[in-house]
Amino acid sequence: LGEELPATAESQFQFFLSDFEALYNLYYVDVIALLNGSNDRAQTLDDHIQTLRDHYNKSATNYQTVVDIRAQLKIKYDGIEVDKQIAETQFFVEMKVFDGPATEKALAQFVELKKEQVELKAQYFAFGRLEYNYETVLDSLLPRISDLEINREALIAGVQVVDILNSDLDLILSEQQALE
């Protein structure tokens with residue numbers, strides 16, 4: 001947080017894509033390798049969990065901004081539609097009366113509005129993909145954080161448990177059982 005949002009949609013997209021990349025990379029950190037490479041497993045794990053929480057909060061805010069930008073793009077696109085239709089109608093009216101300069105002006109206005117819509121539509125879909133990517137990783141990050149917190153002691157100790165099919169030892173607890 002504390003970062004100022006860029007002014008243009010293109011630079012905003014780059015800003016959020018960069019934030020998403022950092023979130024994505026944090027999600028896919030190999031925690032076992034991270035801890036195995038540490039001299040202080042407890043501190044390394046605690047730092048990693050805090051980094052995940054901090055970035056989750058920042059990215060959740062950025063995700064909401066992406067949703068808002070996308071809604072604004074749709075409003076702009078829809079607002080241009082009326083003007084575009086008026087310009088198109090005006091073009092045909094001017095053409096019927098053989099008014100060359102007015103016809104050309106109406107056509108130029110129609111083309112310009114159509115170009116603006118194409119750009120807005122492309123941005124809308126680009127931000128839509130970014131919105132989807134954020135949703136996917138943010139929805140998975142909270143369970144990852146919980147997993148790390150609940151299994152903190154085992155991770156610090158470097159212990160892993162293997163669940164053997166058809167074994168009745170019940171070595172792996174459900175989340176609910178672990179919290180009881």
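What you are looking at is a predicted structure, and each value in this text was computed from that prediction instead of being measured.

Draft legend 1. Seen up close, the packing of aromatic side chains. Enumeration over the complete set of coordinates arrives at 9 aromatic pairs. Ring centres 5.6 Å apart and planes at 75° place the aromatic pair phenylalanine 20 and tyrosine 134 in the edge-to-face group. Taken together, the residues span a long stretch of sequence, with phenylalanine 20 in helix 1 (residues 9-27) and tyrosine 134 in helix 4 (residues 100-150) at a distance of 114 residues. Measuring from centroid to centroid gives 5.0 Å for phenylalanine 91 and phenylalanine 92, while their planes differ by 70°, and the two rings are edge-to-face.

Draft legend 2. Representation of the nonpolar core. Within the largest apolar cluster, 30 residues are counted, with the highest numbers of intra-cluster contacts made by Phe16, Leu23, Leu45, Tyr134, Leu141 and Leu148. Of all the elements in the fold, those that place two or more residues in this core are helix 1, helix 2 (31-36), helix 3 (41-96) and helix 4. Of all the elements, helix 4 adds the most residues to this core, at 11 residues.

Draft legend 3. The side chain of histidine 48, seen in detail. Structurally, histidine 48 can be placed in helix 3. Take histidine 48: its relative accessible area is 8%, and that puts it in the buried class. Among all residues touching histidine 48, those that are not within four sequence positions of it are Leu26, Val29, Val31, Leu34 and Leu148.

Draft legend 4. Quick look at the pattern of salt bridges. This structure, assessed with the given rule, holds 7 salt bridges. Across the salt bridge formed by arginine 152 and aspartate 46, the nearest N and O atoms sit 2.8 Å from each other. Placement of arginine 152 in helix 5 (residues 152-157) and of aspartate 46 in helix 3 is noted, with a sequence separation of 106 residues between them. Between glutamate 149 and arginine 53 there is a salt bridge; the shortest N-O distance is 1.6 Å. Linking glutamate 149 in helix 4 with arginine 53 in helix 3, this pair joins segments that are 96 residues apart in sequence. The partly exposed category is assigned to glutamate 149, whose relative accessible area is 33%. Its relative accessible area of 35% is what places arginine 53 among the partly exposed residues.

Draft legend 5. Representation of unusual backbone geometry within the structure. Its identity is not glycine, yet phenylalanine 98 carries a phi of approximately 60°, on the positive side. Looking at the secondary structure, you find phenylalanine 98 in the loop between helix 3 and helix 4.

Draft legend 6. How the structure looks around the side chain of threonine 44. Relative to the helices and strands, threonine 44 is located in helix 3. Assessed through its relative accessible area of 19%, threonine 44 is described here as buried. The residues touching threonine 44, leaving out its near neighbours within four places in the chain, are Leu34, Leu35 and Ser38.

Draft legend 7. Focus on a nonpolar patch on the surface. A cluster of nonpolar residues, Val159, Val161 and Ile172, forms a patch on the protein surface that exposes about 250 Å² of accessible area. Of the residues examined, isoleucine 172 reaches a relative accessible area of 47% and is grouped as partly exposed.

Draft legend 8. Main features of the environment of glycine 128. Mapped onto the fold, glycine 128 is located in helix 4. In the structure, glycine 128 is positioned 40 residues away from glutamate 88 in sequence and 29 Å away in space, judged by C-alpha atoms.

Draft legend 9. A look at a negative patch on the surface. Residues Glu10, Glu112, Glu116 and Glu119 make up a contiguous surface patch of negative charge. The element contributing the most residues to the negative patch is helix 4, with 3 residues. Here glutamate 10 is to be found in helix 1.

Draft legend 10. Broad picture of the packing of helix 3 against helix 4. Close contact between helix 3 and helix 4 brings their axes to 6 Å; oriented N to C, the two are set at 160°. Classified by the interaxial angle, the pair formed by helix 3 and helix 4 is roughly antiparallel. Considering how the two elements wind past one another, helix 3 and helix 4 form a crossing that is left-handed. In the contact of helix 3 with helix 4, the residues fall into 30 nonpolar, 9 polar and 16 charged.

Criteria and cut-off values
Residues numbered from 1 in each chain as written. Predicted model: local features only at pLDDT ≥ 70, side-chain atom pairs only at ≥ 80, totals over all residues. Heavy atoms only, no water. Phe/Tyr/Trp six-rings, centres within 6.5 Å; stacked < 30°, edge-to-face > 60°. Helix = DSSP H or I, 4+ residues; strand = E, 2+ residues; numbered from the N terminus. Core = buried A, V, L, I, M, F, W, Y, C linked by side-chain atoms within 4.5 Å. Buried < 20%, exposed > 50% of the residue type's maximum accessible area, 1.4 Å probe, protein only. Contact = heavy atoms within 4.5 Å. Salt bridge = Lys/Arg side-chain N within 4 Å of Asp/Glu carboxyl O. Patch = residues over 30% accessible without salt bridge, like charges linked within 9 Å, V, L, I, M, F, W, Y side chains within 5 Å. Areas by Shrake-Rupley, 256 points an atom, 1.4 Å probe, with all protein chains shown as cover. Lys, Arg positive; Asp, Glu negative; His and termini not counted. Charge placed at Lys NZ, Arg CZ, Asp CG, Glu CD. Axes fitted to C-alpha atoms, helices over the stretch in contact; angles between N-to-C directions. Parallel < 35°, antiparallel > 145°, perpendicular 65-115°, else oblique. Left-handed = near helix turned anticlockwise from the far one by under 90°. Nonpolar A, V, L, I, M, F, W, Y, C, P; charged D, E, K, R; others polar.

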